[in-house]
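Inside the fold
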Amino acid sequence: MDLFRLKGCPRNWLHQNGFCYLNTKYSMPYDKGQNFCEYFLDSSLVDVSDERENKLISNLTSSKAWLRFRRCHNKRFFWTDSQPANFTAWESGQPDNKGTDEQCVFMSRNGNWSDGICLERKAFVCQKLKADCTNDTDCYVVKTSKAKWQEARSRCQADGLRLAKISNPTENNAVKTILKAVTQAWIGLERQNNFCIKTPISYQNWDFHEPNDKGLVENCVAIGSQGKWSDEDCNASLAIICKRDVDECIQKEAFGCDENSVCTNTLGSFTCSKCKDGYSRDDNKCSRTNIPGIVLGALFGVSCLVILILVCYILRKKKRWI
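Note that the structure is predicted; figures quoted are calculated from it, not measured.

**Notes on the nonpolar core**
Looking at soluble globular proteins, one finds that nonpolar side chains tend to be buried together. If you look at the biggest cluster of nonpolar residues, it comprises 20 residues, and the most contacted ones within it are Tyr140, Trp229 and Ile241. Contributions of two or more residues to this core are made by helix H4 (169–179), strand E11 (184–191), strand E14 (220–224) and strand E16 (238–244). It is H4 that provides the largest number of residues to this core, a total of 4 residues.

**Some words on the pattern of salt bridges**
A full pass over the atoms with the stated rule returns 7 salt bridges. Between Asp213 and Arg191 there is a salt bridge, and its shortest N-O distance comes to 3.8 Å. Here the residue Asp213 occupies a position in the loop between strand E13 (199–200) and E14, and Arg191 occupies one in strand E11, the gap between them amounting to 22 residues. With a closest N to O distance of 3.6 Å, Arg191 and Asp231 form a salt bridge. On the criterion of sequence distance, the pair formed by Arg191 in strand E11 and Asp231 in strand E15 (residues 229–232) is long-range, its members being 40 residues apart. Classification of Arg191 by relative accessible area gives buried; the value is 10%.

**A closer look at helix H3 (residues 149–158)**
Of all the positions in H3, only Trp149, Ala152, Arg153 and Cys156 are classed as buried. The buried residues of H3 occupy an angular sector of 100 degrees when projected down its axis, which confines them to one face. Buried residues along H3 sit against strand E9 (140–147), strand E10 (161–163), E11, E14 and E16.

**Re the state of the cysteines**
Formally, a disulfide is one covalent bond, and it connects the sulfur atom of one cysteine to the sulfur atom of another. In this structure the tally under the stated criterion is 5 disulfides. Linked covalently through their sulfurs, Cys220 and Cys234 form a disulfide whose S-S length is 1.9 Å. Across the S-S bond linking Cys220 and Cys234, the dihedral sits near 95 degrees, which makes this disulfide right-handed. Of this pair, Cys220 sits in strand E14 while Cys234 sits in the loop between E15 and E16, and the two are 14 residues apart along the sequence.

**Notes on the packing of aromatic side chains**
Inspection of every chain in the model, using the stated rule, returns 11 aromatic pairs. Ring centres of Phe36 and Phe124 lie 5.8 Å apart, and the angle between their planes is 75 degrees; on these two criteria the pair is classed as edge-to-face. Placement of the pair is Phe36 in helix H1 (residues 30–41) and Phe124 in strand E8 (residues 122–129), with a sequence separation of 88 residues. Taken together, Tyr26, Phe36, Phe40 and Phe124 form an aromatic cluster joined through their ring pairs. The ring of Trp66 carries Lys122 above its face, with NZ or CZ at 5.5 Å from the centroid. The ring of Phe106 has Lys122 lying over it, and the distance from NZ or CZ to the ring centre is 4.3 Å.

**Description of the side chain of Asn23**
By the secondary structure assignment, Asn23 is in strand E2 (residues 19–28). A distance of 3.2 Å separates a polar atom in the side chain of Asn23 from the backbone nitrogen of Lys25. Look past the residues within four positions of Asn23 in its chain and what remains in contact with it is Leu60, Thr61, Phe124 and Val125.

**Concerning the environment of Val217**
Relative to the helices and strands, Val217 resides in the loop between E13 and E14. By relative accessible area, which is 39% here, Val217 ends up partly exposed.

**What about a nonpolar patch on the surface?**
On the surface, a nonpolar cluster with roughly 260 Å² of combined accessible area is contributed by Val302, Val306 and Leu310. For Val306, the position within the fold is in helix H5 (residues 293–321).

**Considerations on unusual backbone geometry**
The omega torsion of the bond from Gln94 to Pro95 falls at -5 degrees, within 30 degrees of zero and hence cis. Tracing the backbone through its elements, the reader meets Pro95 in the loop between strand E5 (77–79) and strand E6 (104–107). Cis geometry marks the peptide bond from Glu210 to Pro211, where omega comes out at -5 degrees. By the element assignment, Pro211 lies in the loop between E13 and E14. In this model, Lys25 sits at a positive phi of 65 degrees, which is unusual for a non-glycine residue.

**With respect to the confidence of the model for the protein chain**
Confidence along the protein chain averages 79 in pLDDT terms, with 74% of residues attaining 70 or more. Contacts for the low-pLDDT stretch residues 1–7, under 50 throughout, to residues beyond four places or in other chains number 16 contacts.

**Re the environment of Gly99**
Its location among the elements puts Gly99 in the loop between E5 and E6. Judged by relative accessible area, Gly99 falls into the exposed class, the value being 58%. Spatially, the C-alpha atoms of Gly99 and Ile117 are 9.4 Å apart, while their sequence positions differ by 18 residues.

About the thresholds
Residues numbered from 1 in each chain as written. Predicted model: local features only at pLDDT ≥ 70, side-chain atom pairs only at ≥ 80, totals over all residues. Heavy atoms only, no water. Core = buried A, V, L, I, M, F, W, Y, C linked by side-chain atoms within 4.5 Å. Buried < 20%, exposed > 50% of the residue type's maximum accessible area, 1.4 Å probe, protein only. Helix = DSSP H or I, 4+ residues; strand = E, 2+ residues; numbered from the N terminus. Salt bridge = Lys/Arg side-chain N within 4 Å of Asp/Glu carboxyl O. Arc of directions from axis to C-beta. Contact = heavy atoms within 4.5 Å. Disulfide = S-S within 2.5 Å. Phe/Tyr/Trp six-rings, centres within 6.5 Å; stacked < 30°, edge-to-face > 60°. Lys NZ or Arg CZ within 6 Å of the ring centre and 35° of its normal. Polar contact = N/O pair within 3.5 Å; in protein donor to acceptor, adjacent residues only side chain to side chain. Patch = residues over 30% accessible without salt bridge, like charges linked within 9 Å, V, L, I, M, F, W, Y side chains within 5 Å. Areas by Shrake-Rupley, 256 points an atom, 1.4 Å probe, with all protein chains shown as cover. pLDDT = per-residue confidence, 0-100.

The structure is reproduced here in structure tokens:
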């Protein structure tokens, strides 16, 4: 797949299918790498969705590099804005959690993955969408009808939204502004277990004595009317804060889709693998479908017949006047 710089991605970033990638050329522990991407570059550590993207990342860096893929500990919070990985490229014998402290995942130079110690210094690639929702109140939707956390997440998704992720003070203030009379509302933060692609929490705005995991059942997070966070029982019924999803299909060509492709927006992503009627895919482009030879032959034959009839008609007409 062709790689190219695109207006809209920052300088020195590479663009592919609506995402921008940057090899930072730094080596840091996992969490510091993630924080660097988020705070300084408005991005995150890269996650890999398919084999082609895996090859892209392995080509971007010449050393072992962290991925946004790790074990999620029971007592640690993670944003739920990404789904569990459908693609993996584990090295033979991996993951092995050697010494029981290999909680983070890195890619080797050959593109294969291994679990490693999060405190080790490794290279990292940052990734972000070419366009993202602006940090104002228009990005968020408040649903005052109360629900449990899992139901809240489903309600957001049913409307093409996602349970809100809050990444910085500006976003937190935006949510606080629209809460108004709502006392508490769910956000997309929870404790997780097992391997998953989740965004580690870097920005946080906990209330005093929070999180406290009262009764050892408070595994989901809510934001209060003052903008402070607290962990709550996921079965509690609270209002909901959803965040609008980016519709990449509005500017599909800027996201790498051919102008004659059919773009389908999905939650957190998009697809444009199909072509419009009358077009077929050729080298990642949608080209007008060639008319079959038999049809061309038939059209040519009909054209010749029409011309012959016209010639005969003209000759006969001339003969009458001679």
